[in-house]
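Listed below are the residues making up each chain.
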Amino acid sequence: MKKIFKLTIVIISILALNSCGTIREGFSSQKKNSIDEFLVEKKSPLVMPPDFNELPLPQQTNQVTENEENTDIKSLLTDNKDTDLDNQNNNQNTNFENSIIEKIKNSNSNEDDLKTLIKKELTEQFQDKEFGNYEPAHKSLFVIAGNNGSGKTTFIGKFIHYFLQNSLKPGVIAADTFRAAAMEQLEFFANKFEIPIVKGQDKEDPSAVVFRGIDQLADCDVIIVDTSGRQHNNKNLMAELEKLSNVIKKKSEKFNHVYNLLTIDANTGLASKHIIQGFQDSINLNGIIVNKVDSNAKYGALLSIMNDFSIPILFEGYGEDMSHLRKFQFSEYLDFPMPDDYPDY
């Protein structure tokens, strides 16, 4: 039981599914506290689901059979909330999780070898996915969308720096006409990097700003469009984003590539799946940007996101400096600092 419990912590940290289940069932208060303290101390970028501390504690069972161990681990990995989005790939998830569980239970290897086994299984599971495969190109337009506070404007500053480092001339359209601070921040970046910017008037229709800005920035190699932060379930704001996208389609002949990029906060965890689905329902997303990955984030949710969506994760922002933007590499992501020592139970 000791080995199974330790390995369960490893798997649930990696898969980061919406599966709080029974991980603390049958343990004393002292042991539960040691688990919590251990997770806080490690500050791993993969943490337990947000309601970890709200789980009910049933009566402790002294004897656990092998079948019960299998059932407990399976429930940890598959007990998702009963929503259409969470269950749309349930059969595929279950087969994958069962495969890992069986290989671990049949393995006599040490924990380091088991980590290698898990990484191998995950690599095979996501071998057809695209990661960090963007290459800068002339005559490209990027629409940057996202929820409030997802690091959208800061990413744009880093994106400007990225293109300049690749010898391309970027221009910016400040289409967030409802937040003066956003335009001011973009203007700061434009002045800092000495690039052109087109700004809208206060409360001006963002689509009109974009229409005008595309013509005014015709000499730029790359155009980056900032949009207002919006909640994915706000129908009016999502309709505004659809309108903006339709305006760009009318100008699409001016570009070799048009991208709709969504920024997400790594701290959001599994709730990001609903955000992604909400934006995808309104505009065709071509890439995901993960910001704030240097904080104590629920970074493991990316595995669930990658499993549920065919949208490439392109970049990750990991600091405040404008150079702190890197292409997302799946193999490096799987080398996250995994706990080497576990509490003894």
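Residues numbered from 1 in each chain as written. Predicted model: local features only at pLDDT ≥ 70, side-chain atom pairs only at ≥ 80, totals over all residues. Heavy atoms only, no water.

Draft legend 1. Representation of the overall build of the protein in the model. Looking only at helices and strands, the protein features 13 helices and eight strands. For the protein, with 345 residues in total, the buried portion stands at 53%. A separation of at least 24 residues holds for 81% of the contacts in the protein among residues at least 6 apart in sequence. Carbon and sulfur atoms form 44% of the exposed surface of the protein, whose accessible area is close to 16400 Å². (Helix = DSSP H or I, 4+ residues; strand = E, 2+ residues; numbered from the N terminus. Buried < 20%, exposed > 50% of the residue type's maximum accessible area, 1.4 Å probe, protein only. Contact = heavy atoms within 4.5 Å. Areas by Shrake-Rupley, 256 points an atom, 1.4 Å probe, with all protein chains shown as cover.)

Draft legend 2. Representation of the packing of helix H11 (residues 272–280) against helix H12 (residues 301–308). At a closest axis distance of 10 Å, the pairing of H11 and H12 adopts a crossing angle of 35 degrees. Note on packing geometry: the crossing formed by H11 with H12 is right-handed. Contacts between H11 and H12 involve Ser272, Lys273 and Ile276 from the first element and Ser304, Ile305 and Asp308 from the second. Among the residues making up the contact of H11 with H12, the classes are represented as two nonpolar, two polar and two charged. (Axes fitted to C-alpha atoms, helices over the stretch in contact; angles between N-to-C directions. Left-handed = near helix turned anticlockwise from the far one by under 90°. Nonpolar A, V, L, I, M, F, W, Y, C, P; charged D, E, K, R; others polar.)

Draft legend 3. Seen up close, the confidence of the model for the protein. The pLDDT averaged across the protein works out to 76; a share of 65% of its residues lies at or above 70. Under a pLDDT of 50 for its full length, residues 31–83 has, in the predicted model, 110 contacts with residues more than four places off or in other chains. In the predicted structure, residues 338–345 sits below a pLDDT of 50 and forms 27 contacts with residues beyond four places in sequence or in another chain. (pLDDT = per-residue confidence, 0-100.)

Draft legend 4. The arrangement of the packing of aromatic side chains in detail. Counted according to the given criterion, the structure contains 20 aromatic pairs. Measuring from centroid to centroid gives 4.5 Å for Phe159 and Phe163, while their planes differ by 55 degrees, and the two rings are tilted. Note that Phe159 and Phe163 are positioned in helix H7 (residues 152–165) at a spacing of four residues, about one turn of the helix. With relative accessibility at 0%, the residue Phe159 sits in the buried group. Taken together, a centroid distance of 5.6 Å and an interplanar angle of 50 degrees make the contact between Phe328 and Tyr333 tilted. We note that Phe328, like Tyr333, is buried. When the ring centre of Phe193 is taken as origin, the NZ or CZ atom of Lys192, which lies over that ring, is 5.7 Å away. Looking at Arg326, its charged tip hangs above the ring of Tyr318, at a distance of 4.0 Å from the centre. (Phe/Tyr/Trp six-rings, centres within 6.5 Å; stacked < 30°, edge-to-face > 60°. Lys NZ or Arg CZ within 6 Å of the ring centre and 35° of its normal.)

Draft legend 5. Fine view of unusual backbone geometry. Positive phi, normally seen in glycine, also occurs at Lys139, with a value near 55 degrees. Within the fold, Lys139 resides in the loop between helix H6 (111–125) and strand S1 (140–146). Phi is positive for Glu194, which is not a glycine, with a value near 55 degrees. You can see Glu194 is positioned in the loop between helix H8 (180–193) and strand S3 (197–199).

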